[in-house]
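What follows is the residue order along each chain.
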Amino acid sequence: MADKILAKDKIPEFLQRLMSKFTVVAPMERKDAPAEFKELSPGDKPILDGSRMMMPPKDYLLPRYEVLLRVRQTGGETKIESMIPEDKPRVMLGVWLPDAQAIQVLDRVFLEEPFKDPYYAARRENTMIVAVIPAEMRWSWFCGSTDDVETWKPNVDAIMYDLGDRFYVEVTSERGESIVEGLADPTEEDIAAKNGLWERFKTHNILPFADEKLYNRLEWDNSVWEEIAAKCVACGMCSYMCPSCSCFDIQDEVCGTCVERYRCRDTCQFEDFTLMGAGHNPRSEQLPRSRQRLMHKFKYQHEQFGVVGCTGCGRCVELCPVNVDIREVLCRVCAGNQPEPVSK
Amino acid sequence: MINTQPERTTTIANPYEPQLAVIEKIIDETWDTKTFRAVFLDEAYRESFTYEPGQFQIVSVFGVGEATFCLTSTPTRKGFVEFSVKRVGSVTAALHEMYEGQIIGIRAPLGNHFPYEEWKGKNLLFAGGGIGMAPMRSLLNFCLDNRSDYGEITTIYGARTPGDLCYKYEFDDWNTRGKLYLTVDQGDDDWNGHVGHVPGYLRELAPKPDNTIAITCGPPIMIKYILPEFANLGFTDDQIYTTLEMKMKCGIGKCGRCNIGSKFVCIDGPVFSNAQIKDLPPEF
């Protein structure tokens, strides 16, 4: 698989060529809000260099709000229509590499048999992922501490390394070849620059728990759960912005003569997430809810699928309104409750 | 050349799409519980539909939402499914307002089932409290319909008052082809039977654990007190089975709310042995 160079001034032609073959999905600027993944129209100028915080790519693959079924009851007859989206060849560009790995976690949840999710599958199975490694690492990233990032490479179709005036495009799957068609070959200097950037990504923010098998270290009884539960205001931001959190609710809405059954985001941080009709709630306090989110990512998902549910994208670190820092929590868990300083 | 994408060959059935069914019969069980018998509208689906004792279904009242109920009927009696509904929330309230002939949606069968094949030749002891009898009724009637496969089939069933006992119309059958012991927390003027909680009645009756499987289901407080009674009688953890209840939305291991540790009640359960439950974190 031959790597290529994409000069940044050639991006319009590159996008035009891709869009003639695929539906291209990439982060687009929004006014006063983080960039969001959108299907591109001709002339659009997406953010491909990963330099900005963006809404996670799950928002495209698993929309925040999605109508699953439309039910019409007229004249004594009931008809159900499945609103499964169109299955068409797509390319997602500008996906932070940790977010691309988070899509792997979503794939395990939504594509594994026997219950494949047809809505997710229609958007995902025919979609190539082109990851990006920005020139500057974000302070909140701790990817290399959660997993061996080398193992992430084969899970995407190509990786674009931002080398300033150009991208180094590393092709990591066979079908990824179709993306780089017609691009220039890299020089020795390009390869060295790419390797340097990869090394910076790989070694960025290696925290004390990096070598620990967290799924063996997270314990049911640990004083840290009580501490983060005491701080948490249960806003749910960490799961809404998380690239791998995918829990959802299903509700009915009556729209004139039809009923729309939709799914929308939900989070284990909300009390009614597990509240049963008769009043019993197995996670009725914030402590078990705080524990659930971290145990799910670092232990349960590993037990279920052999993947780690957190890829160190740092969104929850940057955005938590009460500064619950997942990195600090993990340090605490692994250091026998000794607080560890975390670089900011 | 742009290479072609890998071809998708399979068409996926939509696990979120319910089958339409008509409510054929509604039985008033108690002041707050009704049993619904539903028949699938699609004839081919109805003919091919089958399930196992212990599995559950998700019922749609279109415009209100979905709720989870165990299949309380037995697959040995074909052509319909039954579920018992205690009025507690919005969907159950909407179901209670419905009448025979109305249309609902059903996603079924979901979840695992009782390992009844492994229990052939053994005695079965059912101990149920309140609406907890619903999931066990499927297995109980299944085993009674396959009577020669099993030894003694004994049922201890309790409720708060005589008026809270469900399935009274089947008591004769349960006590003829098997043995039925009833108890209530508080009797009334017409009640001549046993008074007391199910765990205490179990202790009094003192069934022998030899070659016996115990199946128990009921409110959490009953489960808490009945497990030590089984242990005192000499039942081991892998001789005791129950079905667990959790809030569910998808029923297929995706929506993320019915987990206990790394197990999902909707796909890894709802049937668990007590030995399996002891391996789970205490969060249910």
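Bear in mind the structure is a predicted one, so any value in this text is a computation, not a measurement.

What follows covers empty space enclosed by the protein. Residue and element names in this part refer to chain A. The full count for this structure, using the stated rule, is four cavities of 30 Å³ or more. Estimates place the volume of the largest cavity at around 250 Å³. What lines the largest cavity is a set of 20 residues, and nearest its centre among them are Cys232, Cys238, Arg293, Cys320 and Val324. Broken down by secondary-structure element, the contributors of at least two residues to the lining of the largest cavity are α10 (237-241), α11 (286-305) and α13 (326-334). Residue contributions to the lining of the largest cavity peak at three residues, all from α11. For the lining of the largest cavity, a count of residues per class yields 15 nonpolar, three polar and two charged. If you trace the second largest cavity, you find 14 residues lining it, with Cys242, Pro243, Cys310, Cys313 and Cys316 closest to the centre. Of all elements in the fold, only α11 and α12 (315-319) reach the threshold of two or more residues within the lining of the second largest cavity. For the lining of the second largest cavity, the class distribution of residues is eight nonpolar, three polar and three charged.

On the secondary structure map, Gly79 of chain B appears in the loop between β4 (65-70) and β5 (81-86). When near neighbours in sequence (up to four residues on either side) are disregarded, Gly79 of chain B contacts Val39 and Arg46 of chain B.

Roughly 500 Å³ of volume is contained in the second largest pocket. The wall of the second largest pocket is formed by 33 residues, among which Val109, Gln304 and Phe305 of chain A together with Gly253 and Phe264 of chain B lie closest to the centre. Residue assignment for the lining of the second largest pocket shows that the elements contributing at least two residues are α3 (97-111) and α11 of chain A together with β14 (263-264) and α7 (265-268) of chain B. If one sorts the elements of the lining of the second largest pocket by residue count, α11 of chain A sits on top with eight residues.

Here we come to the domain arrangement of chain B. All names here are of chain B. Split into domains, chain B comes out as domain 1 (19-110) and domain 2 (116-243). Computed over C-alpha atoms only, the centres of domain 1 and domain 2 are separated by 24 Å. Across the boundary between the two partners, domain 1 contributes 20 residues, which contact 21 residues of domain 2. Together, the buried faces of domain 1 and domain 2 total about 1,600 Å²; carbon and sulfur atoms form 50% of this surface. It is Glu29, Pro53 and Arg77 that lose the most area in domain 1 upon contact with domain 2, and together they represent 30% of the buried surface on that side. Viewed at the interface, domain 2 and domain 1 are joined by two salt bridges. With its nearest N and O atoms 2.9 Å apart, the salt bridge here joins Arg77 to Asp145. Here domain 1 and domain 2 share 13 residue pairs in polar contact (both at pLDDT 80 or more) between them. Of all the secondary-structure elements, those providing two or more residues to the side of domain 1 that touches domain 2 are β2 (33-40) and β5. At three residues, β5 tops the list of elements feeding residues into the side of domain 1 that touches domain 2. For the side of domain 1 that touches domain 2, the class distribution of residues is six nonpolar, nine polar and five charged.

What counts and how
Residues numbered from 1 in each chain as written. Chains lettered and ligands numbered in written order. Predicted model: local features only at pLDDT ≥ 70, side-chain atom pairs only at ≥ 80, totals over all residues. Heavy atoms only, no water. 1 Å grid on protein atoms, 1.4 Å probe; cavity = no way out; pocket = protein on both sides within 12 Å on 5 of 7 lines; lining within 4 Å. Points joined across faces, edges and corners; volume = space filled by probe spheres on them. Helix = DSSP H or I, 4+ residues; strand = E, 2+ residues; numbered from the N terminus. Nonpolar A, V, L, I, M, F, W, Y, C, P; charged D, E, K, R; others polar. Contact = heavy atoms within 4.5 Å. Domains from an automatic or database assignment. Buried area = accessible area lost by both parts, 1.4 Å probe. Salt bridge = Lys/Arg side-chain N within 4 Å of Asp/Glu carboxyl O. Polar contact = N/O pair within 3.5 Å; in protein donor to acceptor, adjacent residues only side chain to side chain.

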